[in-house]
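# A closer look at the structure
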Amino acid sequence: MSVMPILKMGNPKLFATAENVINPQSEEIKIILQNMLDTMQYFHGVGIAAPQIGISKRIIIYSVNNNPRYPEATPIPLTVLINPEFVVVGEDKILGWEGCLSVPNLRGEVERYHTIRATGLNEHGQPVDKIVSAFESRIIQHECDHLNGTLFLTRISDFSRCGFEDELNLQQGQTN
Ligand code: NI
């Protein structure tokens, strides 16, 4: 399929609320999923939401596997969540560094729920229901934010912990 252009912050489509997917197994959704995967891999994302390629539908995918943008992250197999939702498990929150293909070259520290129960449909239209923690939980929360028109920058509370990757690397020796 195709590597698609990534919409950047400032594009109004990134601030829209995405629509539910009615027929997860349609040919249209198969093509969107393949384009999301091709685009995520090309730009070395660990996750991508359909609105980032201009598709206002509630679809996210994620995968962590030797990613140069997150070299220390534990591998996570490719996961598709169509019409994803999550509920919080426990009250614990953790700070962690995030980036976003729609906000290139910037990283910031964002507070997220440590553990969530995520539900949705996979690429075969089958239900997914899993409890996830730490980085996987963070990715799902970040990508679900995209479906509701929210970018991670708006969740940063301490802007001394946000900046350009090259500057942060110089100052802190790491970005995640
Ligand atoms: Ni993002």
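Residues numbered from 1 in each chain as written. Predicted model: local features only at pLDDT ≥ 70, side-chain atom pairs only at ≥ 80, totals over all residues. Heavy atoms only, no water.

## Some remarks on the coordination of the nickel ion
- Looking at the nickel ion, one finds its protein donor set to be Cys100 (SG), His142 (NE2) and His146 (NE2), positioned 2.1 to 2.2 Å from the metal centre.
- Summarised as a motif, the one-chain spacing of the donors to the nickel ion is C-x41-H-x3-H. Separated by four residues within a single helix, His142 and His146 lie in helix H2 (residues 134-147), roughly one turn from each other.
- Judged by its relative accessible area of 7%, His142 falls in the buried class.
- Given the relative accessible area of 1%, His146 is considered buried. (Donors = N, O, S within 2.8 Å, 3.2 Å for Na, K, Ca; no water. Helix = DSSP H or I, 4+ residues; strand = E, 2+ residues; numbered from the N terminus. Buried < 20%, exposed > 50% of the residue type's maximum accessible area, 1.4 Å probe, protein only.)

## Topic: the pattern of salt bridges
- Scanning the entire structure with this criterion turns up eight salt bridges.
- Residues Asp145 and Arg112 are paired through a salt bridge, measuring 2.9 Å at the closest nitrogen-oxygen approach. In this pair, Asp145 sits in helix H2 while Arg112 sits in strand E5 (residues 106-113), placing the two residues 33 residues apart along the sequence. Here Asp145 matches Arg112 in class, with each residue buried.
- Several salt bridges converge on common partners, so that one network encompasses Glu98, Arg112, Arg138, Asp145 and Arg155. (Salt bridge = Lys/Arg side-chain N within 4 Å of Asp/Glu carboxyl O.)

## With respect to H2
- Under the 1.5 Å per step criterion, the end-to-end length of H2 is 21 Å for 14 residues, consistent within 8% with the ideal 20 Å.
- Buried residues dominate H2, accounting for twelve of its 14 residues.
- By the burial criterion, the buried members of H2 are Glu136, Ser137, Arg138, Ile139, Ile140, Gln141, His142, Glu143, Cys144, Asp145, His146 and Leu147. (Expected span 1.5 Å × (residues − 1).)

## Focus on the state of the cysteines
- Under the definition given, this model contains zero disulfides.
- With no disulfide of its own, Cys144 lies closest to Cys100 among cysteine sulfurs, the gap being 13 Å.
- Residue class for Cys144 comes out buried when judged on its relative accessible area of 6%.
- Cys162 forms no disulfide, and the closest cysteine sulfur to it belongs to Cys100, at a distance of 12 Å.
- Owing to a relative accessible area of 17%, Cys162 belongs among the buried residues under this scheme. (Disulfide = S-S within 2.5 Å.)

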